[in-house]
Each structure stands twice: as C-alpha cells, then as structure tokens.
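This is what each chain is made of:
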Amino acid sequence: MSASKGFYRTVCRYLPTLMEMYKLDELTTIRTLQHNIKQKFYENKTVKDPNRINVMVHKADEELRLLLRMHKQRHHVITKYVVMHDPFATKAPPSGFLAQFYASN
Amino acid sequence: MALRSLAGSIAKSVVQTMGVSGPSALGAGRLRLGQAALFGLRGYADAALTKDEVTARVLEVVKNMEKVDPAKVNEESCDFTKDLGLDSLDTVEVVMAFEEEFQLEIPDDEADKIASCQQAIEYIAQHPMAK
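First, a word on what this report is: a plain description of the structure on this page. All of these numbers come straight from a predicted model, not from anything done at the bench. (Residues numbered from 1 in each chain as written. Chains lettered and ligands numbered in written order. Predicted model: local features only at pLDDT ≥ 70, side-chain atom pairs only at ≥ 80, totals over all residues. Heavy atoms only, no water.)

### Thoughts on the overall build of chain A
Check the secondary structure of chain A and you find five helices and zero strands. The linear arrangement of helices and strands in chain A, starting from the amino end, is α-α-α-α-α. Relative to its full complement of 105 residues, chain A shows a buried share of 27%. Intrachain contacts of chain A at a sequence separation of at least 6 include 67% that bridge at least 24 residues. Just so you have it, chain A exposes about 7600 Å², and 58% of that area is on carbon and sulfur atoms. (Helix = DSSP H or I, 4+ residues; strand = E, 2+ residues; numbered from the N terminus. Buried < 20%, exposed > 50% of the residue type's maximum accessible area, 1.4 Å probe, protein only. Contact = heavy atoms within 4.5 Å. Areas by Shrake-Rupley, 256 points an atom, 1.4 Å probe, with all protein chains shown as cover.)

### So, unusual backbone geometry
Peptide bonds are, in most cases, trans, and in most cases residues other than glycine have a negative phi. Positive phi, close to 60°, is recorded for Met70 of chain A, a residue that is not glycine. If you trace the backbone, Met70 of chain A turns up in the loop between helix H3 (50–68) and helix H4 (74–82). Judged by its relative accessible area of 46%, Met70 of chain A is partly exposed. Within the chain, Gln103 of chain B stands out as a residue other than glycine whose phi angle is a positive 50°. Examined against the element boundaries, Gln103 of chain B turns out to sit in the loop between helix H4 (88–102) and helix H5 (108–113).

### Concerning the nonpolar core
Nonpolar side chains tend to gather and get buried jointly when the protein is soluble and globular. Val58, Val62, Phe80, Leu84, Phe98, Phe102 and Ile124 of chain B are the most contacted members of the largest nonpolar core, which totals 28 residues. For this core, the secondary structure elements donating two or more residues are helix H3 (51–63), H4 and helix H6 (117–125) of chain B. With near-sequence residues (within four places) excluded, Ile124 of chain B lies in contact with Val54, Val58, Phe98, Phe102, Leu104 and Ala130 of chain B. One finds Cys12, Phe41, Leu67 and Ile78 of chain A within the second-largest nonpolar core, a separate group that totals 23 residues. (Core = buried A, V, L, I, M, F, W, Y, C linked by side-chain atoms within 4.5 Å.)

### Notes on the packing of helix H1 (residues 3–21) of chain A against helix H2 (residues 30–43) of chain A
All names here are of chain A. Where H1 contacts H2, the axes come no closer than 11 Å and their chain directions differ by 150°. With respect to their mutual orientation, H1 and H2 come out roughly antiparallel. In the packing of H1 onto H2, the handedness of the crossing is right-handed. For the pair formed by H1 and H2, the contact residues are Ser4, Phe7, Tyr8, Val11, Cys12, Leu15, Pro16 and Met19 on the first element and Ile30, Leu33, Gln34, Ile37, Lys38 and Phe41 on the second. For the contact of H1 with H2, the residue count by class is 11 nonpolar, two polar and one charged. (Axes fitted to C-alpha atoms, helices over the stretch in contact; angles between N-to-C directions. Parallel < 35°, antiparallel > 145°, perpendicular 65-115°, else oblique. Left-handed = near helix turned anticlockwise from the far one by under 90°. Nonpolar A, V, L, I, M, F, W, Y, C, P; charged D, E, K, R; others polar.)

### Examining the interface of chain A and chain B
Counting residues at the interface gives 11 residues for chain A and 17 residues for chain B. Between chain A and chain B, the buried area comes to about 1400 Å², and carbon and sulfur atoms account for 51% of it. Seen at the junction of chain A and chain B, the total is seven salt bridges. With a closest N to O distance of 3.4 Å, Lys38 of chain A and Glu93 of chain B form a salt bridge. Taken together, the links from chain A to chain B amount to 11 residue pairs in polar contact (both at pLDDT 80 or more). (Buried area = accessible area lost by both parts, 1.4 Å probe. Salt bridge = Lys/Arg side-chain N within 4 Å of Asp/Glu carboxyl O. Polar contact = N/O pair within 3.5 Å; in protein donor to acceptor, adjacent residues only side chain to side chain.)

### A word on H4 of chain B
Residues separated by three or four positions in an α-helix point in the same direction, a consequence of the helix having 3.6 residues per turn. Over its 15 residues, H4 of chain B extends 21 Å from the first C-alpha to the last, a length consistent with the 21 Å expected when each residue adds 1.5 Å. With 12 of 15 residues buried, H4 of chain B lies mostly within the body of the structure. Considered for burial, the residues of H4 of chain B that qualify are Leu89, Asp90, Thr91, Val92, Glu93, Val94, Val95, Met96, Ala97, Phe98, Glu99 and Phe102 of chain B. Buried residues belonging to H4 of chain B abut H1 and H2 of chain A together with H3, H5 and H6 of chain B. N-capping of H4 of chain B is provided by Asp87 of chain B, with a side-chain oxygen placed 3.2 Å from the backbone N of Leu89 of chain B. Looking at the residues trailing H4 of chain B, positive phi occurs at Gln103 of chain B, about 50°. (Expected span 1.5 Å × (residues − 1).)

### Observations regarding the packing of aromatic side chains
Taken as a whole and judged by the stated rule, the model has four aromatic pairs over all chains. Positioned above the aromatic ring of Tyr42 of chain A, the side-chain terminus of Lys45 of chain A is 5.1 Å from the ring centre. (Phe/Tyr/Trp six-rings, centres within 6.5 Å; stacked < 30°, edge-to-face > 60°. Lys NZ or Arg CZ within 6 Å of the ring centre and 35° of its normal.)

### Let's talk about H3 of chain B
Residues and elements named next belong to chain B. Helix length check: H3, at 13 residues, gives a terminal C-alpha distance of 18 Å against a target of 18 Å (1.5 Å per residue), a fit within 8%. Every buried residue of H3 is accounted for by Val54, Thr55, Arg57, Val58, Leu59, Val61 and Val62. For H3, the secondary structure elements touched by its buried residues are H4 and H6.

Following this line, the structure appears as structure tokens:
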C-alpha cells in the first residue's frame, strides 16, 4: 500500500475519535469531515516524487499525533478542517489610496 | 484405581445435581453430558455467510458509495478503478465500508489486494469472522 493511501486509511480510522475529542459533531458530520480531508489530499495530487510524498505523509502524521494528544485547540481544527478558510492564504489587494502611495514611491 | 473411583464419585455427584439417577446414568457419555450442562449450554455461531448473500451485500455497499453510478455496478466486471472510475482514496473508502458492513478488520496488505467487487466477495466469503 502506498504511503499516502495507508495514511488516508489511518486518518479515516481515527476520525470518530477526533470527532468526539474536539466535539465536532455539533458542527459537522463525519462524512463532510472525511470529504474535506480528502480535498487536502487532492491539493497535492500532482506530486509524484516519492521522497516528497514521504515527507508530506510524515508531516501529516505528526499533525495527526498532535491532534490525538490534544496539543491543538478546537479552533485550530475547525479553521483547518471544518470551515477550510485560511485568512492568510490570499492577500487582499491594497486599497486605491495605498496603491497610489506605493506607485508614487 | 483411586483415580477411577474419584472419577466415579464425581460422575455420581454430577448426575445427582442433574437430578438423574439409575445405574445407566453413570456412564462416561452421561458424565460428558453432565459437564456440558454444568458449564451451561454452548452457543454456536450462525453458519458462515453464503456467497449469494455476500454478493448482494457487497454490491449494495458499492452502489451506495457517493461517487459510484449504481447502474454500472454488476457482479461480473466491476473493477473499482477501471469500471467505476474511483481513485485510490475512494478505493480505501470502499474497503472501509466493507469493514463496517461485515464487521471485519481487513489488514492493510489484504485491503490493497481488493481492487474489484469479485475480489471483495471472494475475500469476505472465505473470511471466518464476516457477519
């Protein structure tokens, strides 16, 4: 079994535990959560280099361990896996005034 | 000789607790019957699943998967990737759905080998713990 596939299996097995630990059942369902996590896997679909895949799986595995030890807080989980909205992912374009200021200097 | 008399006395007490008397009741067969009664009636699990039942349930599980077109699911040619267009993560989900349906735990290397409905049916039908 390839590393990523095996890791996806592990994650799926831990999902009910995580749902209970972080009380996610009042926000989402296990199906939706599974779907969201699958999207995270699909984001790196184009990566084919086995070394890079191994590193990514290793980092994800670390994250899973942290989550299982409650080293993360509920809002971390919610922003990352339930709402899936990262406010820093895209930077808002500067306002008209700022754009002018940047251009003039 | 002492052992034999001990066995005889045990048999006698067993039979007495059973409320059965008479010389014929002291035979070895009776003793075994008495022991069985002492330890309670043994329950036997249902017989293994029939292949038809497994087939029907496997196909039902696959049809209920999110991405699968139920019309494409049939017993003969049903490769998860080729015929149903599932990717490797979907295959993982299908195998986990089998585990849930049949109350199994399929180890990773076995799960890797299940790539079509036929293989799943074969694996589950010969699995002793499948329910």
